[in-house]
Amino acid sequence: MKTECASFAPSIGPACRVLVLGSMPGAVSLRAARYYAHPRNAFWPVLYALWGRETPDEKYEDRLAFALSHGVALWDAARACFRDHSSDATIRAAKPNDFAALFAEYPAVHTVFCNGLTAYALFLRLAGDSAGGRPVVALPSTSPAHTLPFAQKLAAWRALRAAAEEE
């Protein structure tokens, strides 16, 4: 049975240079009202490892602050959709977030990174024109459903740090 899902507000600040897009938060994240809340999702461990930290902060607010302090913004390709549980493969009737407004308000964002191929495809299909010439890069999904080893995910995600440190 498909349920209606709605994404969160973006986590972004004026110093952000890169935007990481998921497709739509999973069921665990939606219940917790937190990005990447599933304990087996590798997003937070990968992000922290990019800057040499072994363990993410315990508090969610500190995790968001860590991302922002490194110029990393978070959002989702879709603002709403219908989906079975947390399965990206079942996303239907997706509606895009307002990326034109986001990029207008935060012009320092110069690169969009998509957390997995579904987020990449959704963004390009729903709002790709709003990228305004910004590179849009697909990275391996940090979802526990994507079984690529952590070291390989981390190696691919190093592009995020390089872009975040570009002026």
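Before reading further, recall that the structure is shown in the block above.
Residues numbered from 1 in each chain as written. Predicted model: local features only at pLDDT ≥ 70, side-chain atom pairs only at ≥ 80, totals over all residues. Heavy atoms only, no water.

## Some details on unusual backbone geometry
Not every positive phi belongs to a glycine, and alanine 33 is a case in point at roughly 55°. Tracing the backbone shows alanine 33 in the loop between helix H1 (27–32) and helix H2 (43–50). Judged by relative accessible area, which is 49%, alanine 33 ranks as partly exposed. Positive phi outside glycine occurs at tyrosine 36, with the angle close to 55°. Inspection of the secondary structure assignment puts tyrosine 36 in the loop between H1 and H2. (Helix = DSSP H or I, 4+ residues; strand = E, 2+ residues; numbered from the N terminus. Buried < 20%, exposed > 50% of the residue type's maximum accessible area, 1.4 Å probe, protein only.)

## Let's talk about helix H5 (residues 117–127)
Residues of H5 that are buried: Ala119, Leu122, Phe123 and Ala127. Viewed end-on, H5 has its buried residues packed into an arc of 100°, placing them on one side of the element. Away from the buried face of H5 by more than 90 degrees, exposed residues Leu117 and Arg125 are located. In the core, the buried residues of H5 are packed alongside strand E2 (18–22), strand E5 (92–96), helix H4 (99–105), strand E6 (111–115) and strand E7 (136–139). (Arc of directions from axis to C-beta. Contact = heavy atoms within 4.5 Å.)

## Considerations on the packing of H2 against helix H3 (residues 60–69)
One can describe the packing of H2 onto H3 by two numbers: an axis separation of 11 Å at closest approach and a directional angle of 45°. By the angle class used here, H2 and H3 are oblique. Like other packed secondary-structure pairs, H2 and H3 cross with a definite hand, here left-handed. Counted together, Trp44, Leu47 and Tyr48 of H2 and Tyr60, Asp62, Arg63, Leu64, Phe66 and Ala67 of H3 form the full contact between these two elements. (Axes fitted to C-alpha atoms, helices over the stretch in contact; angles between N-to-C directions. Parallel < 35°, antiparallel > 145°, perpendicular 65-115°, else oblique. Left-handed = near helix turned anticlockwise from the far one by under 90°.)

## Some thoughts on the sheet that holds strand E1 (residues 3–6)
Consider a sheet: its strands pair through backbone hydrogen bonds, and that pairing is either parallel or antiparallel. A sheet is described by the order of its strands in space; here three strands give the open sequence E1-E4-E5, paired in antiparallel fashion. The strands lining the two open edges of the sheet, one partner per strand, are E1 and E5. Taking each pair of neighbouring strands and ignoring which way they run, the sheet shows an average axis angle of 10°. Of the pairings in the sheet, the one linking E1 to strand E4 (residues 78–83) comprises four bridges and is antiparallel in character. Bridge pairing links glutamate 4 to phenylalanine 82 in E4. (Pairing = 2+ DSSP bridges.)

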